[in-house]
2 protein chains.
Amino acid sequence: MDGPHRGNGPVTREKLIDAAGEIFAEKGLHGASIRDITKRAGANIASVNYHFHDKFELYTLVLRQAHEGVAEAMNQPLRADTPEGRVRELLSAMLTSALDPSRPKWHRQLVSRELLDPTPALDLMQDIMQRPCERLWEVVREIRPDLSEQQFMLTVSGVLAQCLFHVHHGHIARRMFPGVSGPSLRTLVDHISEFSLAALRGLHARGSRGRRSPARAPVARPTTGAKRRKSPRGKG
Amino acid sequence: MDGPHRGNGPVTREKLIDAAGEIFAEKGLHGASIRDITKRAGANIASVNYHFHDKFELYTLVLRQAHEGVAEAMNQPLRADTPEGRVRELLSAMLTSALDPSRPKWHRQLVSRELLDPTPALDLMQDIMQRPCERLWEVVREIRPDLSEQQFMLTVSGVLAQCLFHVHHGHIARRMFPGVSGPSLRTLVDHISEFSLAALRGLHARGSRGRRSPARAPVARPTTGAKRRKSPRGKG
DNA sequence: GCACCTGTCAAACGAAAGTTTCAAAACTTC
DNA sequence: GAAGTTTTGAAACTTTCGTTTGACAGGTGC
C-alpha cells in the first residue's frame, strides 16, 4: 500500500487532480506551477505530462470536475406547487450544491476564478449558468408576466447576483461585517427567497419601454460541443 | 515631441502605467509579462525596474490608481430628503463612478480581479467596500429599524451583490441573455433601487433570532496603514 | 524466462520569466 | 561648453517554467 510501485496508476492520478485543484484555486492557471502541484501530490514532476498531456489539459479536467456537481443539481425537477415555492426550491438547490461542505473548497474557488476570466474554458461556465437562468426566467414570468424583457433580465440577474455573491464572495461579507455571524444555508435560502419575492411583488411594470417577455426564455443556448483548446499556448 | 529622448521621464512612466493596467487587467499579475508591458508602452525592458523597483510594485501602484476614483465617489454627502431617495443616490454614485465610460476599462477589470484574489492587496479592496457598506447599512436601518442584525447584513449584501454583478460580471449577463439589450446606467440604477426598496418594504422582521441592529453599523474598520509588501518574493 | 506494457524516477532540455549591467544619450546646472 | 545627473538602450544574467528523455521497477501473458 505504501511501496513505491504498487499499481499506483489511478492513485497518483487522483492525488494529482486533488493537489492541482487546490493550487489552481489558490494561484490560478498561470500562478500555479507543475512543480508545486507534483510536490503537494507527492509525485514526480513528469507525472503530470504522463497522466495528462500537459498542464492545460489537467486544468480543464480539474475545472470540469469542479463544476459537475453544481450543473447536475440544476436539472432536478421542481416539485413545489406555487411559483413562489419553486423559486425557493430553485435557490435551495443552487446554494445547497454550491455550498455543500462535503465537497472540497477548491471547487468553488476554481469556478469563481473562471467566472471572472473569460479566457480558457468559458463554455464550461455557460453550462453552469444556463439552467439556473432559464428556470429562474420561467418561474419569474409565472409570477409577473407583465414585466418587460429587460426587467426580466435585470430581475433574474439580481437574484443570481445575490447567490453568486454569497457563494463566491462570501469572504467579502465576512470581512465587512465581522461582528455578524455568517448565515447558515437555511437562513441564506430563506432570506434571498423572501427578499427577491417581496421585490418581485412590488416591482412596477415598465409598460412603455421594451417589449413584453417572449414565450420562451431568451437564454443563450449551451455550446454542447465545448470546443476545447489544445494547448494554452497553441504551440504543438 | 517624437524624438527618442526628449524629457520623456514622466511620459515613459505614465505610458508604462497605462500599458501595465491594460495587460494586468487582461492577464492578471502572473499572466502578464514585463516584456509585453514594455512592448505595448513602447519602452525598454529595463524601464519597469528603473521607474518602479520591480513588477509587483508596479502592480500595486496600478491597482491603487484603479481604485481611487471609486473610493472617493463614495465620500460625497447625500442630499436626498427621504431614506429611499438616499438609497437611490447611493446606488447612483456607486454605479456611475464604477461604470464611468471616460475611465479606462482596465480600472474595473483590475478591481474585479482583486475582489476575487485575497492575496496581494486586500486592504485596498476594503477601502473600496467599506464606505458603501457603512452608508447602506445606515440608510437601510432608517427604513427598517426593526430588522435583526443578520437581516441587515444579508440585505446590504444583497444590494451590493446586484451592483457588483453588473459592474464586474456584466459579461455573464450579456452572454446569458444575448437577445436582451444591455441596460443603460439610468435603467440599472432605477431597477436596483426599485427592486431593493420593494424587497425592503416586504421583508418580515425575524424577531426571535439574532440581536437587533446596533446603534452603529458593525462594519470593519479600514486598515488605513495599508501595509504593503515590499517585494513579491521578499528576496531583497 | 522472455517479451511487453504500465508507472515512476532523476536529470536535463529549450524557452521564457524577472532582473541586472553598463555604456550611450539626453537633460540639467553652472 | 563642461561636468554631473537622469533616462534610455541592447545585451546578458539568474531563475524558473513546462516539457522531454531514457533508464528502471512492477505486473501480466505466453
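Residues numbered from 1 in each chain as written. Chains lettered and ligands numbered in written order. Predicted model: local features only at pLDDT ≥ 70, side-chain atom pairs only at ≥ 80, totals over all residues. Heavy atoms only, no water.

A.B. asks: Which parts of the structure should I look at to understand the overall build of chain A?
C.D. replies: Helix and strand content of chain A: 10 helices and 0 strands. Evaluated residue by residue, chain A yields a buried proportion of 52% over its 236 residues. When contacts within chain A are restricted to residue pairs at least 6 apart in sequence, long-range pairs at least 24 apart make up 75% of them. (Helix = DSSP H or I, 4+ residues; strand = E, 2+ residues; numbered from the N terminus. Buried < 20%, exposed > 50% of the residue type's maximum accessible area, 1.4 Å probe, protein only. Contact = heavy atoms within 4.5 Å.)

A.B. asks: So what exactly am I meant to see when it comes to empty space enclosed by the protein here?
C.D. replies: Residues and elements named next belong to chain A. Tallied over the entire structure, the rule returns 12 cavities of 30 Å³ or more. The computed volume of the largest cavity comes to approximately 270 Å³. Lining the largest cavity are 23 residues; nearest its centre among them are Val70, Ala98, Ile128, Val167 and His168. Elements that contribute at least two residues to the lining of the largest cavity include exactly helix 4 (55-73), helix 5 (83-99), helix 6 (106-116), helix 7 (122-143) and helix 8 (149-168). If you tally residues by element for the lining of the largest cavity, the top one is helix 8, at 5 residues. (1 Å grid on protein atoms, 1.4 Å probe; cavity = no way out; pocket = protein on both sides within 12 Å on 5 of 7 lines; lining within 4 Å. Points joined across faces, edges and corners; volume = space filled by probe spheres on them.)

A.B. asks: Quick question: what am I supposed to make of the relation of the copies chain B and chain A here?
C.D. replies: Between the two copies of this chain, the relationship is a rotation about some axis together with a displacement along it. You can overlay chain B on chain A at an RMSD of 0.2 Å; the transform is a turn of 180 degrees with a shift of 0.0 Å along its axis. This pairing of chains is accounted for by a two-fold axis. In terms of proximity to the rotation axis, the leading residue of chain B is B:Ala199, whose C-alpha is 1.9 Å off the axis. By residue overlap, the copies meet face to face through one surface: 98% of the interface positions of chain B are interface positions in chain A. (Least-squares fit on C-alpha atoms with pLDDT ≥ 70 in both.)

A.B. asks: Can you help me understand the side chain of A:His191 in this one?
C.D. replies: Checked against the element boundaries, A:His191 lands in helix 10 (residues 185-202). By relative accessible area, which is 1% here, A:His191 ends up buried. For A:His191, the contacting residues outside a window of four places in its chain are B:Gln151, B:Leu154, B:Thr155 and B:Leu203.

A.B. asks: Just checking my understanding: could you explain helix 8 (residues 149-168) of chain B for this structure?
C.D. replies: An α-helical turn contains 3.6 residues, so any two residues separated by three or four positions project in the same direction. Along its 20 residues, helix 8 of chain B runs 27 Å from first to last C-alpha, staying within 8% of the 28 Å computed at 1.5 Å per residue. Across the 20 residues of helix 8 of chain B, 20 count as buried, placing the element largely inside the fold. (Expected span 1.5 Å × (residues − 1).)

A.B. asks: Explanation requested: the packing of helix 5 (residues 83-99) of chain B against helix 10 (residues 185-202) of chain B in the structure shown.
C.D. replies: Residues and elements named next belong to chain B. The geometry of helix 5 relative to helix 10 is characterised by a closest axis approach of 9 Å and an angle of 140 degrees between their N-to-C directions. The hand of the helix 5/helix 10 crossing is right-handed. Facing helix 5, whose interface residues are Glu84, Val87, Arg88, Leu91, Ser92, Leu95, Thr96 and Leu99, helix 10 presents Leu185, Arg186, Leu188, Val189, Asp190, Ile192, Ser193 and Leu197. The residue makeup of the contact of helix 5 with helix 10, split by class, is 9 nonpolar, 3 polar and 4 charged. (Axes fitted to C-alpha atoms, helices over the stretch in contact; angles between N-to-C directions. Left-handed = near helix turned anticlockwise from the far one by under 90°. Nonpolar A, V, L, I, M, F, W, Y, C, P; charged D, E, K, R; others polar.)

A.B. asks: Just checking my understanding: could you explain the environment of A:Met129 for this structure?
C.D. replies: If you trace the backbone, A:Met129 turns up in helix 7. Relative accessible area serves as the criterion here: at 7%, A:Met129 is assigned to the buried category. Considered as a pair, A:Met129 and A:Leu115 are 14 residues apart in the sequence and their alpha carbons are 9.7 Å apart. Setting aside anything within four residues of it in sequence, one finds A:Met129 in contact with A:Leu115, A:Leu160, A:Leu164, B:Ile172 and B:Met176.

A.B. asks: For this particular structure, what's the right way to read the side chain of B:His107?
C.D. replies: Residues and elements named next belong to chain B. Here His107 lies in helix 6 (residues 106-116). On the basis of relative accessibility, which here comes to 10%, the residue His107 falls in the buried class. Within polar-contact distance, the side chain of His107 engages the side chain of Arg103 at 2.8 Å. Not counting chain neighbours up to four residues away, the residues in contact with His107 comprise Gln65 and Ala66. (Polar contact = N/O pair within 3.5 Å; in protein donor to acceptor, adjacent residues only side chain to side chain.)

A.B. asks: Can you walk me through the nonpolar core in this structure?
C.D. replies: Core analysis: the largest hydrophobic core is formed by 134 residues, its most contacted members being A:Phe24, A:Leu110, B:Phe24 and B:Leu110. Among all residues touching A:Phe24, those that are not within four sequence positions of it are A:Leu29, A:Ala32, A:Ile37, A:Lys55, A:Leu58, A:Tyr59, A:Leu110 and A:Arg113. (Core = buried A, V, L, I, M, F, W, Y, C linked by side-chain atoms within 4.5 Å.)

A.B. asks: Mind showing me how you'd approach the interface of chain B and chain A here?
C.D. replies: Often the size quoted for an interface is simply the accessible area lost on bringing the parts together. The interface of chain B with chain A comprises 61 residues on the first partner and 60 residues on the second. Counting every contact that joins chain B to chain A gives 0 salt bridges. Taken together, the links from chain B to chain A amount to 6 residue pairs in polar contact (both at pLDDT 80 or more). Contributing elements (two or more residues each) for the side of chain B that touches chain A: helix 1 (9-31), helix 6, helix 7 (122-143), helix 8, helix 9 (170-176) and helix 10 of chain B. Per-element accounting of the side of chain B that touches chain A gives the leading share, 16 residues, to helix 8 of chain B. (Salt bridge = Lys/Arg side-chain N within 4 Å of Asp/Glu carboxyl O.)

A.B. asks: Would you mind going over the packing of helix 5 of chain A against helix 8 of chain A with me for this structure?
C.D. replies: Pairs of packed helices are described in terms of their axes, by the angle between the two and the distance that separates them. All names here are of chain A. At a minimum axis distance of 10 Å, the contact between helix 5 and helix 8 shows a crossing angle of 20 degrees. With respect to their mutual orientation, helix 5 and helix 8 come out roughly parallel. By crossing handedness, the relation of helix 5 to helix 8 is classed as right-handed. Touching Leu91, Met94, Leu95, Ala98 and Leu99 of helix 5 are Val159, Leu160, Cys163, His166 and Val167, all from helix 8. Looking at the contact of helix 5 with helix 8 residue by residue, the classes come out as 9 nonpolar, 1 polar and no charged. (Parallel < 35°, antiparallel > 145°, perpendicular 65-115°, else oblique.)

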